[in-house]
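Per-entry structural report
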Amino acid sequence: MKRRVVVTGIGALTPLGLSAASSWQGALSGHSGIQFLPDMAAIGLTTAIGGRIEGFDPARFLQPKQIRHMDRFAQLAIAAAEEAVTDSGLLGAGYDLEQVGALFGSGIGGMVTFTEQHEIFLRRWDRVSPFFIPMMIPNMAAGEVAIRWGLMGPSSTTVTACASSASAVGEAFRLVQHGDAPAMLALGAEAVIIPFAYAGFCSMKALSTRNDAPKEACRPFDQGRDGFVMGEGAGCVVMEDMEAALARHAPIYGEIVGYGQSSDAHHLVEPRPDGKGAFLAMQRALADADLSVADIDYINAHATSTPKGDAGEARAIADLFGEDGGGVSVSSTKSMTGHLLGAAGVVELLFALLAIRDQVVPPTINLDQQDADIHLDLVPNVAKPREVRAALSNSFGFGGHNVCLAVARHA
């Protein structure tokens, strides 16, 4: 028998704030976390804007030696997990930690370390750190989380580009749902606001070049969108078997009810113009949740502010929900956080859960002139109070990886 799975703890660090609560309030207020980045401008990159987390102090969570031996992406993951674990009360819940695990998602992993150590290598190979490999590999954040709390249950890492942490949430959901673990942490993190990473995306012409107006640069679904804006961040959700959570009177943010996946089978980096892959992921999440389109009130869209990506996702939503969306509200919180790459999925799922809790939908900011071919309710510029019974969170990644997660109000 499948078990029902609820979220009992959340944590996040984003360009909007150093916690889940501050990030959510920033999103509801329509605040932009995007800023001008002088270090990118100094070397002549065509894009010199991004969502950098300000004020993060790893010493709040880690000892000096741990900080030296841990890439920034893993440090952010530890901080998000610390918030979520504390929020849930998981450690005092009586669980056998030999059965509790952590699934992690990151599209790139320790690129800061990779870049730094490569520069050392070019000068003298024998000065490369013995911690280079364990600091760089993406799965190390899951390992660090397991070590920190003694979690000996399932531990793994998904790398599906910008869908990575959504994949981690979905796979952790399945483990709890099928009784393979009584509780799981699902998390994601990304920290690649560095010139080397920017150079790669600039060469692809994937990034917005609105360097003179950083806070207006990320404009999903807007007629003037010209590329995505990079961000960094981390998020974590604690999932538990519903019966166990209720028995210990745990806080419940909502229920994860569906997980859908698909592949575009189309192109390395471009989405299908017809949105078929996105359509299938949403359709499968609804079928898994035993919900209809009429049950969904909100979609946190993947929409990154690219001309082709936003159009394809809007086409998929229209094909599934009707040309005008059939009353569903759709917004892209990336307009405020920037694109958190592999961390985006779990952070945006968290926002969908909070939309259900607070009965309000965060806005899509910078939506000044809605794409004339898109007729959905895109919640332009101002948060919208409304009933939210259930929501979808979309995450799509290079390689054509598509993930949709369905969440609902716990009842």
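This text follows the structure it describes.
Structural notes, computed from the coordinates.

About the thresholds
- Residues numbered from 1 in each chain as written.
- Predicted model: local features only at pLDDT ≥ 70, side-chain atom pairs only at ≥ 80, totals over all residues.
- Heavy atoms only, no water.
- Helix = DSSP H or I, 4+ residues; strand = E, 2+ residues; numbered from the N terminus.
- Buried < 20%, exposed > 50% of the residue type's maximum accessible area, 1.4 Å probe, protein only.
- Contact = heavy atoms within 4.5 Å.
- Core = buried A, V, L, I, M, F, W, Y, C linked by side-chain atoms within 4.5 Å.
- Pairing = 2+ DSSP bridges.
- Axes fitted to C-alpha atoms, helices over the stretch in contact; angles between N-to-C directions.

Structural notes on the overall build of the protein chain
- Scanning the protein chain for helices and strands turns up 14 helices and 14 strands.
- Taking the principal axes of its C-alpha atoms as reference, the protein chain extends roughly 60 × 55 × 40 Å.
- Taking all 411 residues of the protein chain together, 59% fall into the buried category.
- In the protein chain, once contacts between residues fewer than 6 apart in sequence are set aside, the share between residues at least 24 apart is 78%.

Structural notes on the nonpolar core
- With 50 residues, the main nonpolar core has V169, V237 and M239 as its most contacted residues.
- Per element, the largest residue contribution to this core is eleven residues, and it comes from helix 14 (residues 344-358).
- When near neighbours in sequence (up to four residues on either side) are disregarded, V237 contacts V7, G9, I10, V169, M184, L185, A186, V346 and L349.
- With 35 residues, the next largest nonpolar core counts F56, F104, L151 and A189 among its residues.

Quick look at the sheet that holds strand 14 (residues 401-408)
- A sheet is described by the order of its strands in space; here ten strands give the open sequence 5-4-6-7-1-8-14-13-9-10, paired in mixed fashion. In the strand order of this sheet, the two ends are held by strand 5 (155-158) and strand 10 (329-331), each with one partner. Adjacent strand axes in the sheet meet at a mean angle of 25° when their direction is disregarded.
- Strand direction decides the pairing type here: strand 9 (residues 298-300) and strand 13 (residues 390-397), joined by three bridges, are parallel. Counterpart to N300 in the pairing with strand 13 is S393.
- Contacting strand 1 (5-13), strand 4 (101-105), strand 6 (183-190) and strand 7 (233-241), helix 4 (residues 72-88) runs over the sheet at an angle of about 135° to strand 1.
- Lying on the sheet, helix 7 (residues 140-149) is in contact with strand 4, strand 5 and strand 6; it crosses strand 4 at an angle near 155°.

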